[in-house]
Amino acid sequence: GESVGLHLPTLSVQEGDNSIINCAYSNSASDYFIWYKQESGKGPQFIIDIRSNMDKRQGQRVTVLLNKTVKHLSLQIAATQPGDSAVYFCAEGSGSNQFYFGTGTSLTVIP
Amino acid sequence: DAMVIQNPRYQVTQFGKPVTLSCSQTLNHNVMYWYQQKSSQAPKLLFHYYDKDFNNEADTPDNFQSRRPNTSFCFLDIRSPGLGDAAMYLCATSRGGGAGGYTFGSGTRLTVV
């Protein structure tokens, strides 16, 4: 498989601040990327996606940035809320139908 | 609502006793995936089906097998569960061909005793 996280990085932010979560992917052939939010005991929940022909995509309170040169993806969450506390994963896919997850980040929002 | 359903949510099995986890989908997606997720780790792809074509990951142990009898259902068979196989098992679907639409089930938490 591709990159698999063994130690989960953590990020703590104050409620109302912006959060930036980073991800490095490994497959240059990947052309589709998704950010997922996963709460304890639940399956991954779709947040936002981006295709490789784009550098930036915005959703509601979230923005994804893609830098293909260095194979880096980031998720920006504006005005972070306590309900945003979860583990966040990036995932990469391609036309080959393989779909891999990157290392997750545990986000804690401090009220 | 169209969705991916995994049963059961929690499964306890004995060491060495075969166990089967189930996944069904109402999305009519071509691809179905099985992932293993251990505590504080990213989901790890075990294998996927594109329609009836099975695609195994190179590092998936032989102890893990899968069946897809029709478009809607996919099963994960663990032939001889070991203590190290205790994990959350996630099923996902997609339209295939890079079309996206990845949708996950809620997972089955497997405990091996």
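Refer to the structure printed above.
Only a predicted model underlies this, so the values are computations on that prediction, with no experimental measurement involved.

**Q** Honestly, the overall build of chain A in this entry has me stumped. Any pointers?
**A** Secondary structure assignment for chain A yields 0 helices and 10 strands. Taken from the N to the C terminus, the helices and strands of chain A come in the order β-β-β-β-β-β-β-β-β-β. Relative to its length of 111 residues, chain A is compact, with a C-alpha radius of gyration of 13 Å against a globular reference of 13 Å. Each of the three principal axes of chain A carries a C-alpha extent, and together these read 40 × 25 × 20 Å. Contacts in chain A between residues far apart in sequence, at least 24 positions, make up 54% of those at least 6 positions apart. Just so you have it, chain A exposes about 5,300 Å², and 48% of that area is on carbon and sulfur atoms.

**Q** Sorry if this is basic, but what is going on with the interface of chain A and chain B here?
**A** As a measure of interface size, the accessible area lost when the parts come together is often cited. Each partner contributes to the interface: chain A provides 25 residues, whereas chain B provides 27 residues. When the two sides are added together, the surface that chain A and chain B hide from each other amounts to roughly 2,000 Å², 54% of it contributed by carbon and sulfur. It is A:Asn97, A:Phe99 and A:Phe101 in chain A that bury the most area against chain B; as a group they hold 28% of the surface buried on that side. Our enumeration of links across chain A and chain B arrives at 0 salt bridges. Our count for the chain A to chain B interface comes out at 6 residue pairs in polar contact (both at pLDDT 80 or more). Elements represented by at least two residues in the side of chain A that touches chain B include exactly strand S3 (32–38), strand S8 (86–93) and strand S9 (99–101) of chain A. With 4 residues, S3(A) is the largest single contributor of residues to the side of chain A that touches chain B. By residue class, the composition of the side of chain A that touches chain B is 11 nonpolar, 12 polar and 2 charged.

**Q** Could you clarify how one ought to interpret the packing of aromatic side chains in this entry?
**A** One pair of aromatic rings is described through two measures. These are the centre distance and the angle between the planes. Taken as a whole, this structure holds 18 aromatic pairs over all chains when the rule is applied. Centre to centre, the rings of A:Phe89 and A:Phe101 are 5.9 Å apart; their planes meet at 90°, and the pair counts as edge-to-face. Taken together, the residues A:Phe89 in strand S8 and A:Phe101 in strand S9 connect sequence positions 12 residues apart. Between B:Tyr33 and B:Tyr102, the ring centres sit 5.9 Å apart and the planes meet at 50°, which makes this aromatic pair tilted. Taken together, the residues span a long stretch of sequence, with B:Tyr33 in strand S4 (residues 31–37) and B:Tyr102 in the loop between strand S9 (87–94) and strand S10 (103–104) at a distance of 69 residues.

**Q** Where do I start with the sheet that holds strand S6 (residues 62–67) of chain A in this structure?
**A** Backbone-to-backbone hydrogen bonds pair the strands of a sheet. The strands run either parallel or antiparallel. All names here are of chain A. With antiparallel pairing, 4 strands are arranged side by side in an open sheet as S2-S7-S6-S5. Looking along the sheet, the strands with just one partner apiece sit at the ends: strand S2 (19–24) and strand S5 (56–58). Direction aside, the axes of adjacent strands within the sheet are offset by 15° on average. Strand direction decides the pairing type here: S2 and strand S7 (residues 72–77), joined by 6 bridges, are antiparallel. Bridging across to S7, Ala24 finds its partner in His72.

**Q** Looking at this structure, I do not really get the state of the cysteines. What am I missing?
**A** In protein chemistry, a disulfide is the covalent bond that joins the sulfur atoms of two cysteines. Residues and elements named next belong to chain A. Per the counting criterion, the structure on display carries 2 disulfides over all chains. Cys23 shares a disulfide with Cys90; S-S distance 1.6 Å. In this pair, Cys23 sits in strand S2 while Cys90 sits in strand S8, placing the two residues 67 residues apart along the sequence. The pair Cys23 / Cys90 is uniform in exposure class, with both members buried.

Cut-off values and rules
- Residues numbered from 1 in each chain as written.
- Chains lettered and ligands numbered in written order.
- Predicted model: local features only at pLDDT ≥ 70, side-chain atom pairs only at ≥ 80, totals over all residues.
- Heavy atoms only, no water.
- Helix = DSSP H or I, 4+ residues; strand = E, 2+ residues; numbered from the N terminus.
- Rg over C-alpha atoms; globule rule 2.2 N^0.38 Å.
- Contact = heavy atoms within 4.5 Å.
- Areas by Shrake-Rupley, 256 points an atom, 1.4 Å probe, with all protein chains shown as cover.
- Buried area = accessible area lost by both parts, 1.4 Å probe.
- Salt bridge = Lys/Arg side-chain N within 4 Å of Asp/Glu carboxyl O.
- Polar contact = N/O pair within 3.5 Å; in protein donor to acceptor, adjacent residues only side chain to side chain.
- Nonpolar A, V, L, I, M, F, W, Y, C, P; charged D, E, K, R; others polar.
- Phe/Tyr/Trp six-rings, centres within 6.5 Å; stacked < 30°, edge-to-face > 60°.
- Pairing = 2+ DSSP bridges.
- Axes fitted to C-alpha atoms, helices over the stretch in contact; angles between N-to-C directions.
- Disulfide = S-S within 2.5 Å.
- Buried < 20%, exposed > 50% of the residue type's maximum accessible area, 1.4 Å probe, protein only.

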